[in-house]
Amino acid sequence: MPDTQVPSDVVSALPEWYRSTARDLPWRRPEFHDEFGAWGVLVSEFMLQQTPVVRVIPHLDAWLKRWPTPARMASASAADVVQQWANLGYPRRALWLHRAAVEITDRHGGVVPRGVDDLLALSGIGDYTARAVAVFAYGDRHPVVDTNTRRVLARAVEGRAQPGAPSRRDLDLMASLLPDDIDAAAMFNAAAMELGATVCTSRSPRCELCPLAGSCAWLAAGRPDTGDERRRQAAYEGSDRQARGAVLRLLRTLDPEPVPLAAVLPDWPDAGQRDRAIDSLIADGLAEADGSALFLPR
DNA sequence: AATCCGTGGAC
DNA sequence: TGTCCAAGGAT
């Protein structure tokens, strides 16, 4: 466990701030849990993996109304899932979510597992999502560390501008800060994420609104640029990802109609890149080909 | 451990 | 206008 001195108001001021200012998000409402249970939380967490909250919200309800249980989703085709995923981005997540639904149906009797290890064993679920489901769906006591929490800890406790690579130390530190009370611990996890999402933001932190301003190590040091910035995302324009996105958008638009291979982005600037995109989509299970045409996976 | 994987809003 | 970045995970 890190021996860093943790300011007391990280523990005391954060919950009060959360109670008074937290956003009213769908997955935080009691009705959401009544209607969709842990499956609803799991689906929301999949969608929230690298897709902003405001873009997830419009898709979540339709998804859960269509597939209200893991078993219902397990019986859908991959094509239906990719289609419903629409423009949420990183469509492999739709495939992983579908796979997880099958695994839950087969291995857990259709009930979203509660244990972190069982959750970690599901497709598309890593350290963050496993603990988020255990905590936010089942109310158990675990540290939940996403990119927001990691940034809050990096600044308030370590005095660095940006978090370094994710590590187990973040989980250990968060675990050391959690209140003993189970419900309070769950709220503390949510509060740290909320602070990072709305106040302690990556680009323009609003320190004047921060409940931790009185003890933040980074603010006290004058908000130094500590030089440990996040690695820059590769350019999207002209990238392989852009090509894959364009191909898959075409398949989605024409689905269920197969697209003759000759009609797949014939005017794409780089034909080799386009062909590699098609091959990689097939390799990922996001597309299928019958030799003359391309289509979403049946 | 570094890289790859979509999409779109904000600045 | 281009850059940054968003409730990550897999390889």
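Source: prediction; values computed, not measured.

(A) Summary view of the overall build of chain A. In terms of helices and strands, chain A carries 14 helices and three strands. Against the compact-globule benchmark of 19 Å for 298 residues, chain A has a radius of gyration of 21 Å, which places it among compact chains. Judged by the C-alpha coordinates and their principal axes, chain A covers about 65 × 45 × 30 Å. Within chain A, the fraction of its 298 residues that count as buried is 45%. Considering only intrachain contacts with a sequence separation of at least 6, the fraction spanning at least 24 residues in chain A is 64%.

(B) Spotlight on the pattern of salt bridges. Following the criterion strictly, the structure yields 16 salt bridges and no others. Among the ionic pairs, R244 bridges to D284, the shortest N-O distance being 2.9 Å. Taken together, the residues R244 in helix 13 (residues 240–254) and D284 in the loop between helix 14 (271–283) and strand 2 (288–289) connect sequence positions 40 residues apart. Within the structure, one salt-bridge network assembled from shared partners comprises R23, R28 and E194.

(C) Region of the structure containing the packing of aromatic side chains. Within this structure, the stated rule accounts for three aromatic pairs. Taken together, the ring pairs connect W63, W67 and W85 into an aromatic cluster. Above the face of the W218 ring, R155 is positioned so that its terminal group lies 4.6 Å from the ring centre.

(D) Looking closely at the protein's contact with DNA strand C. Surveying the vicinity of DNA strand C reveals 26 residues, the closest of which are W27, L48, G126, T129 and Q233. Backbone atoms, meaning sugar and phosphate, form 58% of the atoms of DNA strand C found within 4 Å of the protein. At a separation of 2.3 Å, a base nitrogen of DNA strand C approaches a polar side-chain atom of W27. Between DNA strand C and S202, the relevant distance is 3.4 Å, taken from a phosphate oxygen to a side-chain nitrogen or oxygen of the residue. A class-by-class count of the residues in the surface near DNA strand C yields eight nonpolar, nine polar and nine charged.

(E) Geometry of the sheet that holds strand 2. Here we have three strands laid out as an open sheet, ordered 1-3-2, and antiparallel in their pairing. Two strands lie at the open edges of the sheet, namely strand 1 (259–260) and strand 2, each paired on one side alone. As paired elements, strand 2 and strand 3 (residues 293–295) share two bridges and run antiparallel to each other. From the neighbouring strand, A289 faces strand 3, where its bridge partner is L294.

(F) Looking closely at helix 8 (residues 127–136). Judged by how many residues are buried, helix 8 sits mostly within the fold: seven of ten residues are covered. Where helix 8 is concerned, the buried positions are T129, A130, R131, A132, V133, A134 and V135. Among the structural elements, helix 2 (30–47), helix 7 (116–120), helix 10 (168–177) and helix 11 (182–198) are those in contact with the buried residues of helix 8.

(G) Local environment of the protein's contact with DNA strand B. The environment of DNA strand B is formed by 20 residues, the closest being R55, Y90, P91, Y236 and R244. Within 4 Å of the protein, atoms of DNA strand B come from sugar and phosphate in 59% of cases. Within the side chain of N87, an N or O atom sits 2.9 Å from a phosphate oxygen of DNA strand B. The separation between a sugar or linking oxygen of DNA strand B and a polar side-chain atom of R92 is 2.9 Å. Contributing elements (two or more residues each) for the surface near DNA strand B: helix 6 (92–107) and helix 13. The element contributing the most residues to the surface near DNA strand B is helix 13, with six residues. In terms of residue class, the surface near DNA strand B is made up of four nonpolar, six polar and ten charged.

Rules behind the numbers
- Residues numbered from 1 in each chain as written.
- Chains lettered and ligands numbered in written order.
- Predicted model: local features only at pLDDT ≥ 70, side-chain atom pairs only at ≥ 80, totals over all residues.
- Heavy atoms only, no water.
- Helix = DSSP H or I, 4+ residues; strand = E, 2+ residues; numbered from the N terminus.
- Rg over C-alpha atoms; globule rule 2.2 N^0.38 Å.
- Buried < 20%, exposed > 50% of the residue type's maximum accessible area, 1.4 Å probe, protein only.
- Contact = heavy atoms within 4.5 Å.
- Salt bridge = Lys/Arg side-chain N within 4 Å of Asp/Glu carboxyl O.
- Phe/Tyr/Trp six-rings, centres within 6.5 Å; stacked < 30°, edge-to-face > 60°.
- Lys NZ or Arg CZ within 6 Å of the ring centre and 35° of its normal.
- Near = heavy atom within 4 Å.
- Polar contact = N/O pair within 3.5 Å; in protein donor to acceptor, adjacent residues only side chain to side chain.
- Nonpolar A, V, L, I, M, F, W, Y, C, P; charged D, E, K, R; others polar.
- Pairing = 2+ DSSP bridges.

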